[in-house]
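# Overview (structure and organization)
Residue strings, one per chain:
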Amino acid sequence: MKGMVFTEFLGMVADRFSENMVDDIIEDSDLPSGGAYTSVGLYDHSEIVKLVESLSHRTGAPAPDLVKAFGHHLFGRLQTMHPEFVCGIDDALDFLESVDKVIHVEVMKLYPDAMLPRFETSREGNRLQMIYRSPRGMEDLAQGLIEGCMEHFSQVVRMERHKRPDGSTEFNLERLQ
Ligand code: HEM
């Protein structure tokens, strides 16, 4: 997993909690990297899982809520770092439909070692179905990113999320305004 994901996560922890909380969860997590992340480095996915668990333990907030909150934060950061992907799009569903076929394809060219999920999409007017597949199982992060995206476009979108028998996760989105 790209170091950028870790630096953004720890940045969110510093903003919402404190720098001390960052040091405490790194210490609690007993990480192979020692917690010294650079945005261009690559780290094991299990390290983010441990950091989230440690934060959950210290704050009492459920881990899935923390990961979703991170998704919101990360969406804001990604669009600041890569405004070209959002530029010219004024609808959340159009944007989300483009994540797999356009945005993550471009991300792969910029960062060939990125580990990205797959989204299978089907669109009918104001409805979009996204099926999320990833060996890392970060559906809470996907949900937070989707919610962050809706907020960015200031649209009201109803979301339903289901686990599928094959382990993938289905997001059914309906734009209400
Ligand atoms: C400006 C838009 C976006 C950019 C530039 C972007 C880029 C990235 C990058 C660099 C990573 C990290 C890869 C790694 O750790 O190796 C990532 C991971 C991920 N992205 Fe995106 N992304 C964008 C939007 C989205 C949106 C809107 C969603 C949700 C629908 C999404 C879903 C995910 C998920 C869930 C992961 C975690 C890896 C996994 O699940 O296997 N991304 N993305």
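Refer to the structure above for everything that follows.
All residue numbers here refer to positions counted from 1 along the written sequence of the relevant chain. Side-chain atom pairs in this predicted model are given and counted only at pLDDT of 80 or more, local residue features only at pLDDT of at least 70, and totals for whole chains, interfaces and linings cover all residues. Hydrogen atoms and water are omitted, and side-chain values are computed over all heavy atoms in the structure.

Here a cavity is any set of points on a 1 Å grid over the protein atoms alone where a 1.4 Å probe fits but cannot get out, and a pocket is any open set with protein on both sides within 12 Å along at least 5 of 7 lines; a residue lines the site when it has an atom within 4 Å of a point. Grid points are joined across faces, edges and corners, and a volume is the space filled by probe spheres set on the points. Approximately 830 Å³ is the volume found for the largest pocket. Along the wall of the largest pocket there are 36 residues; nearest its centre are Leu 74, Leu 78, His 104, Leu 116 and Leu 145. Elements are defined by DSSP. Helices are runs of H or I of four residues or more, strands are runs of E of two residues or more, and each kind is numbered from the N terminus. Secondary-structure elements contributing two or more residues to the lining of the largest pocket are α1 (3-16), α4 (63-81), α5 (83-86), α6 (92-110), β2 (127-133) and α7 (139-152). Top contributing element to the lining of the largest pocket by residue count: α6, with six residues. Counting the residues that make up the lining of the largest pocket, at least three belong to each of domain 1 (3-61) and domain 2 (69-175). A domain assignment, automatic or from a database, supplies the domain bounds used here.

This part covers the packing of α1 against helix α3 (residues 45-59). Between the N-to-C directions of two axes lies an angle of 0 to 180 degrees, each axis being a line fitted to C-alpha atoms and, for a helix, fitted only over the stretch in contact. At a minimum axis distance of 11 Å, the contact between α1 and α3 shows a crossing angle of 10°. What the angle tells us is that α1 and α3 run roughly parallel. The residues of α3 that touch α1, namely those facing Val 5, Phe 6, Phe 9, Leu 10 and Val 13, are Glu 47, Ile 48, Leu 51, Val 52 and Leu 55. Across the contact of α1 with α3, the residue classes break down as nine nonpolar, no polar and one charged. Should an angle lie under 35 degrees it is considered roughly parallel, over 145 roughly antiparallel, and from 65 to 115 roughly perpendicular; all remaining angles are considered oblique. Whether two residues are in contact is decided by their heavy atoms: any pair within 4.5 Å suffices. Asp, Glu, Lys and Arg are counted as charged, while Ala, Val, Leu, Ile, Met, Phe, Trp, Tyr, Cys and Pro are counted as nonpolar; the rest, among them Gly, fall into the polar class.

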